[in-house]
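Per-entry structural report
Read off the chains here:
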Amino acid sequence: MNWKDKALDILKESLKPIPHELSELDWKCNLSSKSDRLAKHICAFCNHHGGGMFAYGISDDASFVTLSKEQIELIVRNLGNVAHNNLSQAIDIDHAVLEYEGHPILFVYVPEQREKPIFLRGKDYHEAYCRVNGQTRKMSDLQVRNMIATSQGLRFEERVAKRGLTKSGVLQLLNFRKFFELQDKAVPKSVDSVIARMAECGFCIGADDDWSITNLGAILFANNLSDFDELGSRKVVVRKYMGVNNRNILFEQFGKYGYAVGFEGLVDFIMKNVSTEDIGVKRKDVADYPRIAIREFVANALVHQDFDICGISIAIEIFSNRIVITNPGAPLNDINRLIDLPPNSRNEKLAEHMFLLGFCERRGSGIDRAVAAIEEMHLPAAKIAKEEMCTRVTLYPHKDLKDMTKEEKIEACYQHACLVNEDGKSMNNQSVRERFNLKKTQSSVASRIIADTQEVGLIKIANTDIVSKKLMTYVPYYV
């Protein structure tokens, strides 16, 4: 997709259903006389993933404004001058007048720059800007350092979390015993052997008595993430609320351990707080949610988070009618294709080690297993929402079919079709009845759900030569 096609899609997303500016798009009704402010906006777009663009002809209240030919020429000329003269390096921009719902809009496209960060001319890196939630802001020192490292080809996992350590200092900060335990291996008797093995995995780097712990080593095996200045905000927080909203909180628990050290304890803690007590001959906890689904979605949140986004932590929020799992960073794959597409991770080394240590899947089957577990308990489908700065996964406890919304039934039917397709089969009325725990006499109910899902375009008929609806089979829209 070229930037012009993308421009119209982004504009539509920003205007409907509720008008709001996006990080990659800035509405403008006319040309600002403040060139320094324009330079900051262009700087921010240069540093933004995928670049960004101005949309001239839209006011702050999302109403449309008509621009004259003279105004368009002036805007393009002035922005071009600012882009060439007011930044740390000359930037080439592009423009086009495109029609949106009958309104001509001037789009000025600023491409992402390969070598970042871009900053204001005559200044230093401290005058670099970025886009956050539709606003232009000065970058933090951490963002600048991360962007420089990324531009140099240094991934998050490879960057240094703590320097100037002895070998013993490394082992005091990292839970090396857990590392060997997870591999079902005995801990070597010498410090040198332990350090050598951990260095092979990229958890630490150094020589002689000058060692550093990498972000990968710290994020996986830290005894306390707060020991690492830039990773303290990467702790996982579990919040439990009274009722269906966040106005009355029962508790807030921050995990301190690295993800590999604390993962099983985290899942146990969540399951304990989403289970109801069954008092029979013996007291026992009855899970309202499948452990597999909790485990897989939490692991995904850890592995696929965007470490370049500050201010958003991984949060598991427990309400009386749902669990919401949030992680920084929008999904890299289409949220409607998470079941069938292969995994696409920002953090390859982290994903690799979480897989090797047995915490998550790398074949893309983790979501499949989670959805299958949800279906087995006849629960509403998981809702996966893509937001500008984060991903939210919402899980629901049991709900009678009559209490499910039409949208919930459609999503469950679509996910079922995807899952069945991954098994090399096609969905039919019987499989839908089994998904929703319906009786054979309720085939008309299943047919209604299938028809609704087909109507919104999420599934299609697989055997088009069949006339009888009872014998029809269905596949996801992308097959």
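Residues numbered from 1 in each chain as written. Predicted model: local features only at pLDDT ≥ 70, side-chain atom pairs only at ≥ 80, totals over all residues. Heavy atoms only, no water.

**Looking at the sheet that holds strand β2 (residues 52-56)**
- Read from one edge of the open sheet, four strands run β1-β2-β4-β3, paired in mixed fashion. Of all strands in the sheet, those bounded by a partner on one side alone are β1 (25-28) and β3 (94-100). Put simply, the sheet's adjacent strands are angled 25° from each other on average, direction ignored.
- Bridge count between β3 and strand β4 (residues 103-110): seven bridges; the pairing is antiparallel. The residue bridging Glu99 from the neighbouring strand is Pro104, located in β4.
- Here helix α1 (residues 3-15) sits on the sheet in contact with β1, β2, β3 and β4, set at roughly 55° to β3.
- Helix α2 (residues 35-47) contacts β1, β2 and β4 of the sheet and is inclined by roughly 135° relative to β2. (Pairing = 2+ DSSP bridges. Helix = DSSP H or I, 4+ residues; strand = E, 2+ residues; numbered from the N terminus. Axes fitted to C-alpha atoms, helices over the stretch in contact; angles between N-to-C directions. Contact = heavy atoms within 4.5 Å.)

**Observations regarding helix α4 (residues 141-151)**
- Those residues of α4 that fall on the buried side of the exposure criterion are Leu142, Gln143, Val144, Asn146, Met147 and Ala149.
- Residues of α4 that are buried sit in contact with α2, β5 (129-132) and β6 (135-138).
- With its phi angle positive at about 80°, Gly153 sits one or two positions after the end of α4. (Buried < 20%, exposed > 50% of the residue type's maximum accessible area, 1.4 Å probe, protein only.)

**Section: the pattern of salt bridges**
- Within this structure, the stated rule accounts for 21 salt bridges.
- Ionic contacts of the salt-bridge type, sharing partners, join the residues Glu264, Asp268, Arg291 and Arg295 into one network. (Salt bridge = Lys/Arg side-chain N within 4 Å of Asp/Glu carboxyl O.)

**Digging into the environment of Met198**
- Checked against the element boundaries, Met198 lands in helix α7 (residues 191-200).
- In this structure the C-alpha to C-alpha distance between Met198 and Phe179, which are 19 residues apart in sequence, comes to 8.6 Å.
- Among all residues touching Met198, those that are not within four sequence positions of it are Leu171, Leu174, Phe176, Phe179, Phe203 and Cys204.

**Focus on the layout of surface pockets**
- Size it by volume and the second largest pocket reaches roughly 390 Å³.
- Around the second largest pocket, the lining comprises 18 residues; the ones closest to its centre are Asn429, Ser447, Lys469, Lys470 and Tyr474.
- Mapped onto the lining of the second largest pocket, the elements with two or more residues apiece are α14 (429-435) and α15 (443-455).
- Considering each element in turn, the lining of the second largest pocket owes the most residues, seven residues, to α15.
- When the residues that make up the lining of the second largest pocket are grouped by side-chain class, the tally is six nonpolar, eight polar and four charged. (1 Å grid on protein atoms, 1.4 Å probe; cavity = no way out; pocket = protein on both sides within 12 Å on 5 of 7 lines; lining within 4 Å. Points joined across faces, edges and corners; volume = space filled by probe spheres on them. Nonpolar A, V, L, I, M, F, W, Y, C, P; charged D, E, K, R; others polar.)

**Some thoughts on the packing of helix α10 (residues 291-303) against helix α12 (residues 365-376)**
- Between α10 and α12, whose axes approach to 8 Å, the crossing angle comes to 150°. The pairing of α10 with α12 is recorded here as roughly antiparallel in orientation. In this structure, α10 crosses over α12, and the sense of that crossing is left-handed. Every residue of α12 that contacts α10 at Ile292, Ala293, Glu296, Phe297 and Asn300 is listed here: Gly366, Ile367, Arg369, Ala370, Ala373 and Ile374. (Parallel < 35°, antiparallel > 145°, perpendicular 65-115°, else oblique. Left-handed = near helix turned anticlockwise from the far one by under 90°.)

**Re the packing of aromatic side chains**
- Counted according to the given criterion, the structure contains 15 aromatic pairs.
- Here Phe54 and Tyr56 contribute two aromatic rings whose centre-to-centre distance is 6.0 Å and whose plane-to-plane angle is 40°, an arrangement assigned as tilted.
- Seen from their ring centres, Tyr477 and Tyr478 are 5.4 Å apart, and the 80° between their planes marks the pair as edge-to-face.
- Linked through ring pairs, Phe179, Phe180, Phe203 and Phe221 together constitute an aromatic cluster.
- Just above the ring of Tyr396 sits the side chain of Lys399; from NZ or CZ to the centre is 5.6 Å. (Phe/Tyr/Trp six-rings, centres within 6.5 Å; stacked < 30°, edge-to-face > 60°. Lys NZ or Arg CZ within 6 Å of the ring centre and 35° of its normal.)

**Some details on the sheet that holds strand β17 (residues 390-395)**
- What the six strands build is an open sheet, ordered β11-β10-β14-β15-β17-β16; its pairing is mixed. At either end of the open sheet lies a strand with only one pairing partner, and these are β11 (249-254) and β16 (383-386). In this sheet, adjacent strand axes meet at a mean angle of 15° when their direction is disregarded.
- Where β16 meets β17, four bridges bridge the pair, whose relative direction is antiparallel. The residue of β17 that forms the bridge with Ile384 is Val393.
- Against the sheet, helix α9 (residues 259-273) contacts β10 (237-241), β11 and β14 (315-319), and its axis sits at roughly 5° relative to β10.
- With respect to the sheet, α10 is in contact with β14, β15 (322-328), β16 and β17, its orientation differing from that of β15 by roughly 20°.

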